[in-house]
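# Geometric and topological summary
Spelled out, the chains give:
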Amino acid sequence: MKKMTEGNVTKNIFFFTIPIFLGNIFQQMYNTADAVIVGRFSGKEALAAVGTAGPIMNILIFFVVGFSLGSAILMAEFYGAEDIEKLKKEIATTIKAGAVFIFLLSAVALFSVKYILILMNTPIEIMEMAEGYLRIIIIGLIFSFLYNILSAEMRAVGDSKTPLGILVIAVVLNIGLDIYFIKNLGMGVKGAAYATVISQIAAVVISLLNIYFRMPVLRLTLKEFVIDLTLLKKTMSYSLSYAVQQTIIFTGAVFVQGAVNPLGIDSIAAFNSGSRIDGFILTPGDSMGAALTTFISQNRGAGKDERIFKGFKSTLTMSLLYCVATAILIFIFSGSIMKIFIESSETEAIFLGRTYLKTIAFFYILTALCNTLQGFFRGFGRMDVTLIATFIQIPIRVVLSYMLTKYMGISGVAVGMGIGWIFMASYEGYLYMRYRNRRRELNGVHI
């Protein structure tokens, strides 16, 4: 466990970011392992089925992540203020209330999954595979929730290394089970889904054992497992705002997938492979934003405004340097990267994927500003700002995707995404300047 209210600001954020970044990379491997192994051993139709299921699965997962992040902001604040009693009450409240919500969400998702796939214009030849994959993932959603909450607890008290170690174990298990179920048993996309759920169960068990034996500050007795209504209201305010924000993002992804699907199997496979590459490339920026959120939450609890704004500037600088370097590399090596996901013989799909990656690379630098601003406002509990920014970005992205794919193919999606980021960064950047100036006037501190 580590307090980030003391010591060098840049070092605090940088070293806290590294395990989060590696953890996010391994988290990406859950779906990516499914995609690579399914694509290699079950064909491009199976790969397209997993890719089509991805946006729906991500909507569900980010409801889960929304609860964990909203709670983590409060947990980090209470830990920074050294209020352990409130910290434990927050943990108990989140787990009990969140579990009820996840069961209800899973029931609704199981009923509606087929209709959603139809609305997405899913090709008939991959419909059954996509539906089967999603149903298994939905049933295991409760384990994803528990794992995310337990990881959020550990990161909120400054430990980002242990969640990384647990995730590495889970991902290695997931890949091993993918190979066994898909290659050896020939279970196809259902085997990939079973592997994901089993590895999440393992992560939950290991997390619980770690907290029980190594982190007594997070350990709860049965008596302490009581919902605090005041904290529940605040948690729900944070969590639902974030969950709605992420749901909007991935609902937008569902609509964008609907714009891509009529372009054919090659375009679907290329776009979903390119999107997975995007996920890896953008992960460091996301991780820096997440680290900044915890850094700000702890320092806000301790009342240290000057450190907060130093943290923002350090995070933005690191993120900008990374994004510039990455954009150059993606532009140069786009073809080689696409061949990781798609067989070399599928020349049309590889060509389409290269075109997408070269287009989106021009816009990567905007993500540095967007992610840093998102982390800043989340750390202050200003989930309304991040939510409105997303409301601005996603409709622009969706509308432009439908308009531009008619003329540019899947590259039109990249252009739509970039323009959406421009509007998002402009809105949040303006509010940041106002917020910073107001804090400076109130506290009389140079920030």
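Residues numbered from 1 in each chain as written. Predicted model: local features only at pLDDT ≥ 70, side-chain atom pairs only at ≥ 80, totals over all residues. Heavy atoms only, no water.

## Focus on the overall build of the protein chain
What counts here: By the criteria applied, helices consist of DSSP H or I runs no shorter than four residues and strands consist of E runs no shorter than two, each listed in order from the N terminus. Atoms counted for the radius of gyration: C-alpha only. Globule rule: 2.2 Å times the number of residues to the power 0.38.
Helix and strand content of the protein chain: 14 helices and zero strands. The helix and strand sequence of the protein chain, counted from the amino end, reads α-α-α-α-α-α-α-α-α-α-α-α-α-α. Against the globule reference of 22 Å for 447 residues, the protein chain gives a C-alpha radius of gyration of 21 Å, in line with a compact fold. Counting only C-alpha atoms and orienting by the principal axes, one finds that the protein chain spans roughly 60 × 45 × 35 Å.

## Quick look at helix α13 (residues 383-408)
Each α-helix turn comprises 3.6 residues. Residues three or four places apart therefore point the same way. Definition in use: Take the residue count of a helix, subtract one, and multiply by 1.5 Å to get its expected span.
The end-to-end C-alpha distance of α13, which contains 26 residues, comes to 35 Å, matching closely the 38 Å that a straight helix rising 1.5 Å per residue would cover. Where α13 ends, the next residue or the one after it, G409, has phi of about 65°, a positive value.

## Here's the deal with the side chain of T93
The criterion, for reference: Accessibility here uses a 1.4 Å probe with only protein chains present; expressed as a share of the type maximum, an area under 20% marks a residue as buried, one over 50% as exposed, and anything in between as partly exposed. Under this definition, polar contacts are N or O atom pairs within 3.5 Å; protein pairs additionally need one hydrogen-donor-capable and one acceptor-capable atom, and for neighbouring residues in sequence, both atoms have to be side-chain atoms. Contacts: residue pairs with any heavy atoms within 4.5 Å of one another.
Here T93 shows up in helix α3 (residues 84-119). For T93, a relative accessible area of 0% gives the class buried. Here the side chain of T93 touches K89 through a polar contact of 2.8 Å, landing on its backbone oxygen. If we skip the residues at most four places from it in the chain, T93 touches G98, V226, I227, D228, L231 and L232.

## Quick notes on the confidence of the model for the protein chain
The condition is simple: Looking at any residue, its pLDDT shows the predictor's confidence there, from 0 to 100.
Summarising the model, the protein chain shows a mean pLDDT of 82, and 95% of its residues fall at 70 or more. Within the protein chain, no element has a lower average pLDDT than helix α1 (residues 9-42), which sits at 75, and none a higher one than helix α12 (residues 364-379), at 89.

## Quick look at the nonpolar core
Under the convention used in this document: Nonpolar core, defined: a set of buried Ala, Val, Leu, Ile, Met, Phe, Trp, Tyr and Cys residues in which side-chain atoms within 4.5 Å join the residues together.
With 113 residues, the main nonpolar core has L87, Y133 and L218 as its most contacted residues. The element that contributes the greatest number of residues to this core is helix α2 (residues 44-80), accounting for 23 residues. Once residues within four sequence positions are removed from consideration, L218 is found in contact with L87, I91, E153, M154, V157 and I211. Grouped together as the second largest cluster of nonpolar side chains are 23 residues, I20, A291, F309 and L316 included.

## So, the pattern of salt bridges
So the rule is basically this: Salt bridges are counted wherever a side-chain nitrogen of Lys or Arg sits within 4 Å of a carboxyl oxygen of Asp or Glu.
Per the counting criterion, the structure on display carries four salt bridges. Measuring nitrogen to oxygen at the nearest pair gives 3.5 Å for the salt bridge that ties E85 to K89. In this pair, E85 and K89 are both assigned in helix α3, four residues apart and thus about one turn of the helix distant. Looking at K89, the relative accessible area reads 34%, which means it is partly exposed. A salt bridge links E131 to R135, with the shortest nitrogen-to-oxygen separation between them at 3.1 Å. Taken as a pair, E131 and R135 lie in helix α4 (residues 124-139) at a separation of four residues, close to a single helical turn. On the accessibility criterion, E131 (16% relative accessible area) is buried. We classify R135 as partly exposed; its relative accessible area is 28%.

## What to know about the packing of α3 against α4
Where we set the bar: Only C-alpha atoms enter the line fits that serve as axes; for helices the fit covers just the stretch in contact. Angles between N-to-C directions range over 0 to 180 degrees. What sets the label is the angle itself: under 35 degrees gives roughly parallel, over 145 gives roughly antiparallel, 65 to 115 gives roughly perpendicular, and the rest give oblique. Crossing chirality is assigned from the near helix's rotation relative to the far helix, an anticlockwise turn below a right angle marking it left-handed and a clockwise turn marking it right-handed. Residue polarity follows a fixed list, in which Ala, Val, Leu, Ile, Met, Phe, Trp, Tyr, Cys and Pro are nonpolar, Asp, Glu, Lys and Arg are charged, and the others, Gly among them, are polar.
Look at α3 against α4: their axes get within 10 Å of each other, and the N-to-C directions meet at 165°. Between α3 and α4, the angle is such that the two are roughly antiparallel. Our pair here, α3 against α4, has a crossing hand that is right-handed. Between α3, through S106, A109, L110, V113, K114, L117 and I118, and α4, the contact on the second element is made entirely by M127, A130, E131, L134, R135, I138 and I139. Of the residues that constitute the contact of α3 with α4, the class distribution is 10 nonpolar, one polar and three charged.

## Here's the deal with helix α9 (residues 265-301)
Applied cut-off: Note on bend: at a given residue it equals the angle between the axes fitted to the 7 residues ending there and to the 7 starting there.
Its 37 residues place the ends of α9 51 Å apart at the C-alpha level, agreeing with the 54 Å of an ideal helix rising 1.5 Å per residue. The largest bend in α9 comes to about 45°, at L282, with the proline P284 one to four residues further on. G303 sits one or two positions beyond α9 and adopts a positive phi of about 70°.

## Focus on the environment of G381
Structurally, G381 can be placed in the loop between α12 and α13. The exposure class of G381 is buried, given its relative accessible area of 15%. Sequence separation of G381 and I198 is 183 residues, and the distance between their C-alpha atoms is 34 Å. Contact partners of G381, with chain neighbours within four places excluded, come to Y238 and R300.

## Quick word on the packing of aromatic side chains
Operational definition: Two aromatic rings from Phe, Tyr or Trp, using only the six-membered ring of Trp, form a pair when their centres are within 6.5 Å; if the ring planes differ by under 30 degrees the pair is stacked, by over 60 it is edge-to-face, and anything between is tilted. We call a charge positioned over a ring when the NZ of a Lys or the CZ of an Arg lies within 6 Å of the ring centre and within 35 degrees of the ring normal.
Considering all chains together, one arrives at 17 aromatic pairs under this definition. Between F376 and F380, the aromatic rings sit 5.1 Å apart at their centres with planes inclined by 55°, giving tilted as the arrangement. Residue class for F380 comes out buried when judged on its relative accessible area of 6%. Ring centres of F380 and Y435 lie 5.1 Å apart, and the angle between their planes is 80°; this geometry places the pair in the edge-to-face category. Note that F380 is positioned in the loop between α12 and α13 and Y435 in helix α14 (residues 411-443), a separation of 55 residues in sequence. On the accessibility criterion, Y435 (10% relative accessible area) is buried. The aromatic ring of F331 is capped on one face by K358, whose charged end is 5.3 Å from the ring centroid.

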